[in-house]
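# Secondary and tertiary structure notes
So the chains spell out like this:
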Amino acid sequence: MAVARTIHKDLFRVFLLTLVSLFAIPAATLVFTEYALRSQDAEFLQAIESRIAADTRLSAADKALTTEFYRSHPLSKACSATAPEDKDFHDQVCSPYSMQWQFHWADRAAIWTLALGAALLAAALVLGALAFANRGLRYASFVAGWRLMTVSSAVEVVLQSAMLVWLSFWLTAYFMERYYVKLIAIAGIAAAIAVFYAIYTLFKKLPFGSEIEGELVAEADAPRLWNRIRELATRVKTAPPDHIVAGIDTNFFVTEAPCDVRGRTLNGRTLFVSIPLLRVLDQTEADAVLAHELAHLGGGDTRSSAALGPKLQQFDQYTWEMRGGGLTIVAHFLLRLYRMIFSFALARDSREREFKADRVSAGLTAPNAIVQSLIKISAYASYRNDVEQKLFEHNRQHDGALGIAGFVAAGLPPYAGSEAFIETMKTADVPHPYDTHPPLLERMRNVGHHVPESAYGAIVATAPSASWADEIETAADIEARMWNDYEQRFVQNHELSLAYRYEPATDEERAVVLRHFPPVEFALKNNERVQVSYQGLHQSVDGGSTIGWDEVKDLTFQDNAFADMLIVTHHDKGMLGARTTKVKVGGLGKQKDNFKGAVGRYWQRHQIMRAEQAASARAEEEAPA
């Protein structure tokens with residue numbers, strides 16, 4: 001229930017932000033133009049009536065006729081007047097680029113943009129509903145939505161950017177009778193960047209790739225396994241996989257999308273098998289898992305995923321690209337809302353596909369086989385995650401091989417008898433890279449075989465008499481290579497996390513921090529220098545002063561035509577509010593972005609370190625004596 005509330009809260013938040021991003025700027029433009037046009041109507045009519053009344057050359061009848069014309073033809077309608085008798089009036093007050101002409105077209109543009117935003121919002125909801133209603137229409141609806149949303153959102157960025165620049169001039173010009181070049185320049189630069197970014201990203205070829213960490217299993221290396229998979233595929237009434245890839249991840253899956261394995265691109269049907277999981281499953285349980293995966297091939301699940309997967313990834317990349325282009329944020333939330341709606345449809349379909357594959361598997365093998373395999377896979381994945389989490393939380397560097405595989409193999413049976421194991425298994429699902437799987441208890445009900453919680457431990461602790469891993473001649477070598485690569489990356493990532501966690505307090509800790517956060521020095525003008533280190537900012541100006549990171553509450557970089565400056569806001573107060581220090585960094589030149597990045601990264605490291613210390617202190621206080 002808590003997860004559902006969080007999802008609904010996120011959806012509501014994104015929906016509100018979508019409304020703001022689509023309608024805020026055009027609505028503000030429309031309110032302003034309508035107010036200005038109505039005000040000009042009143043002022044113009046009052047002025048023209050005064051001139052007509054004072055014109056002695058006109059007869060009373062002519063005055064009445066002329067007054068009636070201007071009352072029935074307000075100034076705000078002049079630019080849209082098309083009748084022959086209105087031509088003179090139109091030409092006099094609505095010449096191109098005149099004030100009246102600008103307000104008229106800004107008003108029209110605001111209305112069109114609001115209409116476009118409403119249409120896009122409706123389209124997102126309708127296309128999302130189609131994805132829910134009909135699986136066959138899902139791919140077509142997403143492709144249509146992808147093209148519509150990306151192109152239209154780029155148009156939104158262009159329109160709203162133009163409005164923002166126009167408002168930056170006319171708001172002050174109209175109400176204050178003056179304009180500010182700097183304000184217009186800022187708006188113009190931001191708009192130009194947003195428009196370029198939106199159009200560039202729209203036509204940019206975004207990367208797509210799917211890498212599987214594993215190694216190919218040739219038929220000669222596992223003939224009995226290949227024969228068994230072909231036999232199961234025949235019974236499922238589907239073609240067997242073209243490739244089998246073995247690795248150490250805690251899942252099994254099939255895919256028809258192109259994927260890379262050790263630098264080789266595989267096309268066609270690929271089955272991934274986990275060697276560690278094959279070692280805990282007996283052959284009947286493993287057959288149930290393999291039949292389940294082959295049922296995905298037979299049901300067309302992988303075919304639709306192969307077609308849809310690249311589109312989803314590219315759409316996601318485009319969506320997040322739009323978040324980083326300033327004003328392109330107006331497109332980001334619409335794209336994100338559509339993706340969330342579509343994700344709900346995919347999640348519901350995923351559950352249905354998993355239930356169907358489980359039923360196929362249970363029919364081909366046995367209901368108890370698929371249920372026991374799910375229990376064992378969930379237990380192994382949960383325990384391995386616990387082992388790795390504890391290793392990662394370790395506050396000292398790891399020396400040599402970690403031996404994660406051995407830890408898990410030795411510790412899994414005792415873990416299966418613990419209370420923590422039962423609590424974890426109550427909501428367990430099976431890890432999978434492509435689908436959201438339903439909870440274990442629901443999958444038991446689906447195949448009509450229930451195992452009481454009290455029996456979970458015995459199932460997990462029972463070692464298989466024979467496993468398919470024993471039939472893969474290269475299994476041991478594949479595991480050794482894969483675990484070695486995995487543990488090297490684990491150690492590297494763990495050391496990086498220590499570099500963020502350490503204050504440092506010892507020479508050993510300092511060496512770790514300095515490996516990842518060495519002092520970085522930047523040359524400034526007049527032979528001055530500024531250094532960024534894990535301790536703070538060190539300036540050669542003003543007698544070589546140092547600002548420690550503990551003194552920093554906020555940082556603001558000011559680009560200035562004469563001298564760039566880093567404004568440091570301190571935690572304590574000054575005479576006129578928060579105390580600040582101005583760090584002059586003129587002369588950075590092309591190193592400006594590198595300086596900003598270094599300052600942000602080193603300050604972030606310090607904040608994470610202090611947060612970790614505070615969390616550790618709270619944990620010690622709350623721990624029982």
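Everything numeric here is computed off the predicted structure, so don't read it as measured data.

### Let's talk about the confidence of the model for the protein chain
Detailed reading of the predicted coordinates is not advisable wherever pLDDT falls low. On average, residues of the protein chain score 83 in pLDDT, and 86% of them are at 70 or above. By mean pLDDT, helix 6 (residues 181–203) is the weakest element of the protein chain at 63, and strand 2 (residues 243–247) is the strongest at 96.

### Section: the sheet that holds strand 9 (residues 536–539)
Pairing within the open sheet is antiparallel, and its 4 strands lie in the order 7-8-9-10. If you trace the sheet from one side to the other, it starts and ends with strand 7 (520–523) and strand 10 (546–548), each paired once. Strand-to-strand twist across the sheet, computed as the mean angle between neighbouring axes with direction ignored, equals 15°. Where strand 8 (residues 529–532) and strand 9 come together, 3 bridges link them in antiparallel fashion. Pairing of valine 532 across the sheet is with leucine 537, part of strand 9. Running at roughly 35° to strand 8, helix 19 (residues 592–622) makes contact with strand 7, strand 8 and strand 9 of the sheet.

### Notes on the side chain of histidine 296
Assignment of secondary structure puts histidine 296 in helix 9 (residues 283–298). Take histidine 296: its relative accessible area is 4%, and that puts it in the buried class. One polar contact links histidine 296 to glutamate 354, side chain to side chain, over a distance of 3.0 Å.

### Concerning the packing of aromatic side chains
Scanning the entire structure with this criterion turns up 23 aromatic pairs. The ring of tyrosine 486 has arginine 384 sitting right over it, with the charged end atom 5.1 Å from the ring centre.

### A short note on helix 13 (residues 404–416)
In this model helix 13 runs 17 Å from its N-terminal to its C-terminal C-alpha over 13 residues, within 8% of the 18 Å that 1.5 Å per residue would give. Of all the bends in helix 13, the greatest, near 35°, is centred on alanine 410, and the proline proline 413 appears no more than four residues after it. What helix 13 keeps buried is the set Ile404, Val408, Gly411, Leu412, Tyr415 and Ala416.

### Points about the pattern of salt bridges
Enumeration according to the criterion identifies 26 salt bridges in this entry. With its nearest N and O atoms 2.7 Å apart, the salt bridge here joins aspartate 107 to arginine 108. Aspartate 107 gets classed as buried once you look at its relative accessible area, which sits at 1%. You can call arginine 108 partly exposed: its relative accessible area is 24%. For glutamate 442, the salt bridge is made with arginine 351, and the minimal N-O distance between the two is 2.4 Å. Note that glutamate 442 is positioned in helix 15 (residues 440–447) and arginine 351 in helix 11 (residues 329–364), a separation of 91 residues in sequence. For glutamate 442, a relative accessible area of 26% corresponds to the partly exposed category. Shared partners join several salt bridges into a network, and the residues in it are Glu215, Arg262, Arg481 and Asp485.

### Quick word on unusual backbone geometry
Glutamate 503 connects to proline 504 through a cis peptide bond whose omega is 0°. Unlike most non-glycine residues, tyrosine 97 shows phi in positive territory, near 75°. Along the polypeptide, tyrosine 97 turns up in the loop between helix 3 (87–93) and helix 4 (99–133). A positive phi angle is found at lysine 237, which is not glycine, with a value near 70°.

Parameters at a glance
- Every chain begins its residue count from 1, and numbering advances along the sequence as written.
- Restriction of local features to residues with pLDDT of at least 70 applies here, the model being predicted, together with a cutoff of 80 or more for giving and counting side-chain atom pairs; totals for whole chains, interfaces and linings are based on all residues.
- The basis for the side-chain values is all heavy atoms of the structure; hydrogens and waters are excluded.
- pLDDT expresses, on a scale from 0 to 100, how confident the predictor is about each individual residue.
- Per the convention used, a helix needs a DSSP run of H or I reaching at least four residues, while a strand needs a run of E reaching at least two, with both numbered from the N terminus.
- One requirement defines pairing of two strands: DSSP has to find at least two bridges between them.
- Angular values range over 0 to 180 degrees, each being the angle between N-to-C directions of two axes fitted as lines to C-alpha atoms, with helices fitted over their stretch in contact.
- Contacts between residues were defined by any pair of non-hydrogen atoms, one from each residue, lying within 4.5 Å.
- Buried, partly exposed and exposed residues are distinguished by accessible area as a fraction of the type maximum, computed with a 1.4 Å probe on protein chains only: under 20%, between the cut-offs, and over 50%, respectively.
- The definition of a polar contact used here is a pair of N or O atoms within 3.5 Å, where within protein one atom must be able to donate a hydrogen and the other to accept one, and adjacent residues in sequence count solely through side-chain atom pairs.
- Here a pair means two rings of Phe, Tyr or Trp (six-membered ring of Trp) with centres within 6.5 Å. Their orientation is stacked below 30 degrees between planes, edge-to-face above 60, and tilted elsewhere.
- We call a charge positioned above a ring when the Lys NZ or Arg CZ atom is no farther than 6 Å from the ring centre and deviates by at most 35 degrees from the ring normal.
- Expected helix span is computed as 1.5 Å times (number of residues minus one).
- Bend is the name given here to the angle between axes fitted to two runs of seven residues, the run ending at a residue and the run starting at it.
- Salt bridge, as used here, is a side-chain nitrogen of Lys or Arg placed within 4 Å of a carboxyl oxygen of Asp or Glu.

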